[in-house]
Amino acid sequence: MFIETLLPLGKVDPGLRAAEQPFDISSVSSDAALVESLGYDRLVFEETKDDPFVIMALAAQATTTLGLGTSVAIAFPRSPAITAMSAWTIQKLSKRRFCLGLGTQVRGHIQRRYGMEWSAPGPWMRDYVGAVKAIWDCWQNGARLDYESEHYKLNLMVPLFDPGPIEHPEIPIYLAAIGPRICETAGEVAEGMRPHPVCTPKFIREIMLPAAAKGAARSGRSMDDFAVAMKPLVATAADEETLAERVRDARARIAFYASTPAYRRAFDIHGLTDLTVELAQLSKAQRWEDMPDRISDDVLHTYVTIGTYDEIGNKLTERYGDVVTGVEFSISASTEAERDRLGDLVKEVHAA
C-alpha cells in the first residue's frame, strides 16, 4: 500500500481539515521536503482555494524522489489542451513523479461557479481523458492530432504550441469517483480512481470495483495494475482526550455528507436512506447544530477510522488493505517528536 499525504502537513489533518484553516503557499517547498524525508510515497493537493498545478510545480522543484499528484483538479472548466500542458510541464520538471487526478464537480458548481453548460459527467469525462491522451500522443510520438467525440473536436497542433517529447511521457490519470458510471469510466480510460472519503470498504468492494472492472472489460484492459487511492475519513490524536474532540468533528462531517444527495448511494448500501432524508431536511432548514447528534456510534464507526496515533496505522491497513492500493493520511508534524511519530506511522503502514 502506498502512502500519500495532503498539504498542509504542519497542521492536524486527519482527513477532516476545516475549510477555513489558512494555507501558507510559501511553505510548500519546505513541507514537500519534509514529506519526502518522512518516507511518504506521494504528496497530493486538492483544488479548493489554490491552483493545484502551481503547488505541484513548487513541490517538484523542492524534491527528488517524492511522488506528486493532484487529488483532484477539476477537469471540465479547463480545456483538455490546458490540462494536458499543465501535466506535461510538471512531469517534465519532476522527472516521472506526477500523477494527474481529475474530478468532475457537481452540476451547481459547473453551471453557477464556472458558468458552463452541464452534461452527464461519465461520458464527458471519457471524452475528456481521451482528448488529453490524444494530445500527449501527438506531442510524444508526432501522431497527427485528430480527436473527435461528442464534446471535443481537436485537429490543430502547430509547432509553436507543440512542446515535443519528454523523457517520461507515461502520466497516470486517476478519476475521483463515487457513482458506478464514473467508476466504469475510470476502468475504461484511466489508470486508477480516487473514491470519495465517504466510500466504505463495503461500498468500494461491492459497487465501485465491479463497475471499474466492467469499464475495463469494455476496452479490453486488465485491472491488475488499476490503482485505488483514497483519503479515508480518520479521527486520530496523540491521546484519548484530544481524540474525543476529533470524533465530535467526525460526526459533523458525516452528518454533512449524509445530507448531500450526491453521496446518498454510499449510505443507501448500509440501510441508512432514512437518515439521509432526515439530514437533508435539517440541512435545508439550516439546522446545522442538530445534525451531528443524528450520527450514532454505529454509523460513526462505519464511515470513520478512529484511534490514537499508536493505533491508527494498523486500523487503516486492517480496514482498507484489501480494497485500496493507497491511502492518504497525515497528523501534526510541527515538532521533532511529532515528525518521528509520523515517520513511524508511515513505516507501520508500509510494513503491513
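Look above for the structure.
As the structure is a computational prediction, the values presented were derived from the model and not from experiment.

Asker: Explain the overall build of the chain here, please?
Answerer: Counting secondary structure elements, the chain contains 13 helices and 13 strands. In terms of C-alpha radius of gyration, the chain reaches 20 Å, essentially the compact-globule figure of 20 Å for 352 residues. For the chain, the proportion of its 352 residues judged to be buried stands at 51%. Long-range pairs, those at least 24 residues apart, make up 71% of the contacts in the chain with a sequence separation of at least 6.

Asker: Help me understand the side chain of T185 in this model?
Answerer: With respect to the helices and strands, the residue T185 is situated in helix α6 (residues 180-189). Those residues in contact with T185, other than ones at most four positions away along the chain, are G122, M125, R126, L175 and A190.

Asker: Whenever I open this one, helix α12 (residues 309-320) confuses me. Can you help?
Answerer: Since one α-helical turn is 3.6 residues long, residues separated by three or four positions face the same way. Taking 1.5 Å of rise per residue, the 12 residues of α12 would be expected to cover 16 Å, and the 17 Å separating its terminal C-alpha atoms lies within 8% of that figure. Among all positions of α12, only Y309, I312, G313, L316, T317 and Y320 are buried. Each buried residue of α12 sits inside an arc of 120° when the element is viewed along its axis, so together they form one side. Exposed and facing more than 90 degrees away from the buried side of α12 are D310 and E318. Of the surrounding elements, those touching the buried residues of α12 are α7 (201-218), β10 (227-230), β11 (234-237), β12 (305-308) and α13 (336-351).

Asker: When you look at unusual backbone geometry in this model, what are you seeing that I'm missing?
Answerer: Note on backbone geometry: most residues besides glycine have negative phi, and most peptide bonds are trans. Phi at R96 takes a positive value of approximately 90°, unusual for a residue other than glycine. Among the secondary structure elements, R96 is positioned in the loop between α3 (80-94) and β5 (98-103). For R96, a relative accessible area of 57% gives the class exposed. The backbone of Q105 shows a phi angle near 70°, a positive value even though the residue is not glycine. Relative to the assigned elements, Q105 resides in the loop between β5 and α4 (107-112).

Asker: Any chance you could explain helix α10 (residues 273-284) here in plain terms?
Answerer: Helix length check: α10, at 12 residues, gives a terminal C-alpha distance of 17 Å against a target of 16 Å (1.5 Å per residue), a fit within 8%. Where α10 is buried, its residues contact α8 (240-258), α9 (265-268) and α11 (297-303).

Calculation criteria
- Residues numbered from 1 in each chain as written.
- Predicted model: local features only at pLDDT ≥ 70, side-chain atom pairs only at ≥ 80, totals over all residues.
- Heavy atoms only, no water.
- Helix = DSSP H or I, 4+ residues; strand = E, 2+ residues; numbered from the N terminus.
- Rg over C-alpha atoms; globule rule 2.2 N^0.38 Å.
- Buried < 20%, exposed > 50% of the residue type's maximum accessible area, 1.4 Å probe, protein only.
- Contact = heavy atoms within 4.5 Å.
- Expected span 1.5 Å × (residues − 1).
- Arc of directions from axis to C-beta.

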